[in-house]
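Okay, here's what each chain looks like letter by letter:
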Amino acid sequence: MIELSELRDAAQKAFPADELIPDRDESWKLIAEMGWLMMPLPEESGGLGLGRDAVTAINLELGRVLSSAPLVPALLTVQAIGASESLVDRDSWIERTCSGEYVALNLLPGDIALADAGTLSGTLPAVPDADMASHVLVFAKGLSALVPLDAPSISVSERKLWDESRRLFDITLDNCAVDESLMLARDDASHDIANRLHGELQLALAADCLGGANAALDMTVEYLRTRKQFSRPLAMFQALKHRCADLKTHIAATEALLWSRAVDADASVTDLGALKALAADVYRFVTEEAIQLHGGIGLTDEHQCHLFMKRAMLNLSLGGSGDELKERAGRQALETYSA
Amino acid sequence: MTEGKELEGLRQEVRGWLDANAPRGWRESYDNHEAFAQSQREWFAKLVEGGYAIPHWPAEWPGGGRSLAEQKVIYEELARADTPRLLLSFVSTYHAASTFFECGSEEQKARYLPKILEGETWCQGFSEPNAGSDLAALKTKAERKGDVYVVNGQKVWSTMAQYADKCLLLVRTSSDGPKQAGITYLLMDMKAKGVTVRPINQIQGDQEFCEIFLDDVEIPVEERVGEEGQGWAVAQATLASERGLTLMELSYRMQGALWRIAELIRKNGLEEDAGVLRDFGHLVTRIDCTCAIADQFLQNRIDGAERVGDASLVKNTYSRVLREYSLLGTRLGGIDEQYQAPITFGDLNTGNWMADFMNSYAWTIAGGSEEVQRNIIAERMLEMQREPKDWVAS
Ligand SMILES: Cc1cc2nc3c(=O)[nH]c(=O)nc-3n(C[C@H](O)[C@H](O)[C@H](O)COP(=O)(O)OP(=O)(O)OC[C@H]3O[C@@H](n4cnc5c(N)ncnc54)[C@H](O)[C@@H]3O)c2cc1C
């Protein structure tokens, strides 16, 4: 059994805090070498059999350094492949993906239609790093399958994000035939996988948010401790202390829920979505304040403040908007809490 | 939540016991203080008998020695059964007990702890008119005369002092050196000659706390906890009791009372109102965070991994979320909430939303205000530099 703290230490060594947005391809190699891609798979299928809290720990640490490698979607597709009953050569797929072949996934809902002829058409929005993926995992009504990205019926386009730590692509399928041997699941089984991935995505994004929020607050406090105005460190001003203390309190409370939901097998997708919505709010608030508390330097491209803010803003949208996720949580709570 | 067999067993046991014993309709009867105090005494005695009054005490006490997980189950069930919170015995079972367990002499433990279970109640006489956040500035004076201390001064905001038998009292025995060094910790009999208690009317119509006037009150020297001049350190044990266990209980009670907001949404036909659902979903998640951080804090405490400032994070989370909770209720209740309705003494989540809102200040002001906690988080946890100490009036 690997201790969480050991895992976090290893991650901090591999991805030191002072190197933000480490090179994507180098990071990806390192991630594969560390074995992180096999974390969630059970040992009997060649994985490490680590729990969701281990995955959460790594996602949090990578959020701290604004990692540009697509570990979040990759861990989801590895799990989908591991859960598949019908994928031909599943074991070799597990081996390939665990050792670094990247199968991509959209982080916002797609609109893929299944024609009578069995072909897929539509767009998958917000697919991270499609340029380095061999396949994309596609969910359509009643089925899920891997689709190779070099198929002629597929086009991939990138739109530049404000968040420079990430690259997102839209993938368009135009009457794309599904290869039976790449079918992951059908009907209920497919729906279950989609549902599970959706929950894991929310948890992963929440961890990313809180890793980043912690780093942004550390950076801000350090700045206030060293920057002097009025012949004293800015950190001495109580007005600024109290704002930092509130940021810390928000982070700590939300992180407590993160760790508790990470080990709660009964947490619903709605619960995880509500967590993500709150974590993204906190990340936004912390990074918004971080720029203000840095003064003019916080507005410069050269300083790192804005990198966190932009990632926080993107995280508000990924996996679904806060409005949507909170509304769902409210609806669920209305059922849960009756007199 | 999946839980072990033993915990599930305990849960069933507590639930069964509560089915048979939990008082019903108590909210209606808590509209006057006599009924409140009477019912509080009875409920406490019943809980002692059932073995659920002091799960946080050591194992040699009947009903004590419960693990964190067990305490959590008990409090969850007490909240679920919507039992009255033990306000009258609160200072006794937490503040007084923690003080005795950590700093009391063997004699004091033997004399006072069993009495607490028999229903003797304590109040806390720390704050003074000019010593609130700056508690160490307290001036109530105790002079040693032979075997007694003679005490003169005034205490304020002392919760439930009008019903208390005894008082945890901080006094000044010396004005030399740093102000903390001259403080001594005494145990005072509220019936002693020279003690006058005057309840204070609060904004929500309650009289939860009192002024205590001390006029040549004689307190025997053996009623001192710790050495003379060591009172500040002892007081830390008293104050620390409040910042873990209680907040976990209160967090779960707040979660357990979420049905009140759900009911309000249904009553107003707002089940499909996206904005209201969002605000409710947000509040629920904030309350879940509050429970999670209170849990985590206690677990760290048990594991010996508590960090300076952790307690402040828990307190500021709970008190803010309690405010948010009462504000959402007040908003959803609309104009109805602006008409006075009978209050329920000593409860924080009553569904009388204006009263709950006013009551929520208890947690942002008492026990180290929100601002004082922020100072602790910033200076001791985030290591932001302290301001220069001295201020000279010009
Ligand atoms: C419901 C309730 C029950 C209580 N029960 C008891 C009891 O049983 N026994 C007892 O002894 N006391 C009790 N207290 C008293 C409580 O401990 C004090 O109210 C508290 O310490 C604050 O002191 P104060 O009221 O004098 O406010 P002050 O200290 O005068 O504070 C006024 C305002 O200034 C802020 N402030 C103060 N110092 C600072 C600072 N350094 N930096 C920034 N802001 C600051 C405060 O946060 C507050 O907003 C109770 C209080 C309440 C509300």
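Figured I'd write up the structure that's included with this text. (Residues numbered from 1 in each chain as written. Chains lettered and ligands numbered in written order. Predicted model: local features only at pLDDT ≥ 70, side-chain atom pairs only at ≥ 80, totals over all residues. Heavy atoms only, no water.)

### A word on the overall build of chain A
- Helix and strand counts for chain A stand at 10 helices and 10 strands.
- For 339 residues, the compact-globule formula gives about 20 Å, and the C-alpha radius of gyration of chain A, at 21 Å, lands near that figure.
- Projected onto its principal axes, the C-alpha coordinates of chain A cover approximately 75 × 55 × 40 Å.
- For chain A, the residues scored as buried account for 57% of the 339 residues in total.
- Long-range contacts, defined here as pairs at least 24 residues apart, represent 71% of the contacts in chain A between residues at least 6 apart. (Helix = DSSP H or I, 4+ residues; strand = E, 2+ residues; numbered from the N terminus. Rg over C-alpha atoms; globule rule 2.2 N^0.38 Å. Buried < 20%, exposed > 50% of the residue type's maximum accessible area, 1.4 Å probe, protein only. Contact = heavy atoms within 4.5 Å.)

### Regarding the packing of helix α6 (residues 187-226) of chain A against helix α8 (residues 269-294) of chain A
All names here are of chain A.
- At their nearest, the axes of α6 and α8 sit 8 Å apart, and the two run at 20° to each other. Comparing the axis directions of α6 and α8 gives the class roughly parallel. Considering only the axes of α6 and α8, their crossing is left-handed.
- Of the residues that constitute the contact of α6 with α8, the class distribution is 21 nonpolar, nine polar and two charged. (Axes fitted to C-alpha atoms, helices over the stretch in contact; angles between N-to-C directions. Parallel < 35°, antiparallel > 145°, perpendicular 65-115°, else oblique. Left-handed = near helix turned anticlockwise from the far one by under 90°. Nonpolar A, V, L, I, M, F, W, Y, C, P; charged D, E, K, R; others polar.)

### A short note on unusual backbone geometry
All names here are of chain A.
- One non-glycine residue, Asp129, lies in positive phi territory at about 50°.
- By the element assignment, Asp129 lies in the loop between β3 (119-128) and β4 (135-140).
- Overall, the relative accessible area of 4% leaves Asp129 in the buried class.
- Of note, the phi angle at Ser231 is positive, near 55°, even though the residue is not glycine.
- Structurally, Ser231 can be placed in the loop between β9 (228-229) and β10 (232-233).
- Given a relative accessible area of 77%, Ser231 falls into the exposed group.

### Considerations on the packing of aromatic side chains
All names here are of chain B.
- Throughout the structure, instances matching the rule amount to 19 aromatic pairs over all chains.
- Ring geometry for Trp26 and Tyr30: centres 5.0 Å apart, planes at 65°, overall edge-to-face. The two residues Trp26 and Tyr30 agree in class, both being buried.
- When the centroid spacing of 5.6 Å and the interplanar angle of 70° are considered together, the rings of Phe357 and Tyr361 count as edge-to-face. Residue Phe357 and its partner Tyr361 are both found in helix α12 (residues 353-365); the two are separated by four residues, about one turn of the helix.
- Each residue in the set Trp26, Tyr30, Phe36 and Phe345 is aromatic and connected to the rest through ring pairs, giving one cluster.
- The aromatic ring of Phe90 is capped on one face by Arg85, whose charged end is 5.4 Å from the ring centroid.
- The ring of Tyr149 is capped by Arg144, whose NZ or CZ atom sits 5.9 Å from the centre of that ring. (Phe/Tyr/Trp six-rings, centres within 6.5 Å; stacked < 30°, edge-to-face > 60°. Lys NZ or Arg CZ within 6 Å of the ring centre and 35° of its normal.)

### A look at helix α11 (residues 310-333) of chain B
- Between the first and last C-alpha of α11 of chain B there are 35 Å, a value that for 24 residues agrees with the 34 Å anticipated at 1.5 Å per step.
- A large share of α11 of chain B lies buried, amounting to 20 of its 24 residues. (Expected span 1.5 Å × (residues − 1).)

### Structural notes on the sheet that holds strand β7 (residues 168-177) of chain A
All names here are of chain A.
- On the basis of which strands lie adjacent, the open sheet formed by four strands has the order β2-β3-β7-β6 and antiparallel pairing. Whereas interior strands pair on both sides, the edge strands pair on one side only; in this sheet they are β2 (113-114) and β6 (154-158).
- Relative to β7, β3 runs antiparallel, the two being bridged by seven bridges. Counted as the bridge partner of Leu120 is Cys176 from β7. (Pairing = 2+ DSSP bridges.)

### Concerning the sheet that holds β4 of chain A
Residues and elements named next belong to chain A.
- The four strands are arranged β1-β4-β5-β8 in an open sheet whose pairing can be described as mixed. At either margin of the open sheet sits one strand with a lone partner, and together these are β1 (103-104) and β8 (183-186).
- Pairing between β1 and β4: two bridges, direction parallel. Among the inter-strand pairings, Ala104 is bridged to a residue of β4, identified as Val136.

### Details of the state of the cysteines
Residue and element names in this part refer to chain B.
- For the structure shown, the criterion picks out zero disulfides over all chains.
- Here Cys123 is not disulfide-linked; the sulfur of Cys167 is the nearest cysteine sulfur, at 3.8 Å.
- Cys210 takes part in no disulfide bond, and the closest cysteine sulfur to it belongs to Cys123, at a distance of 7.9 Å.
- Cys210 sits in the buried class, given a relative accessible area of 0%. (Disulfide = S-S within 2.5 Å.)

### Structural notes on the interface of chain A and chain B
- Opposite the 41 residues of chain A that make contact, chain B presents 42 residues.
- Between chain A and chain B, the buried area comes to about 3,700 Å², and carbon and sulfur atoms account for 65% of it.
- The three residues of chain A that bury the most area against chain B are Lys241, Leu334 and Tyr337 of chain A, which together make up 19% of that side's buried surface.
- Our count for the chain A to chain B interface comes out at six salt bridges.
- The partner of Glu379 of chain B in a salt bridge is Lys241 of chain A, and the shortest N-O contact between them spans 2.8 Å.
- Where chain A meets chain B, there are 13 residue pairs in polar contact (both at pLDDT 80 or more).
- For the side of chain A that touches chain B, the elements supplying multiple residues, two or more each, are α6, α7 (238-262), α8 and α10 (322-336) of chain A.
- The element that contributes the greatest number of residues to the side of chain A that touches chain B is α7 of chain A, accounting for 18 residues. (Buried area = accessible area lost by both parts, 1.4 Å probe. Salt bridge = Lys/Arg side-chain N within 4 Å of Asp/Glu carboxyl O. Polar contact = N/O pair within 3.5 Å; in protein donor to acceptor, adjacent residues only side chain to side chain.)

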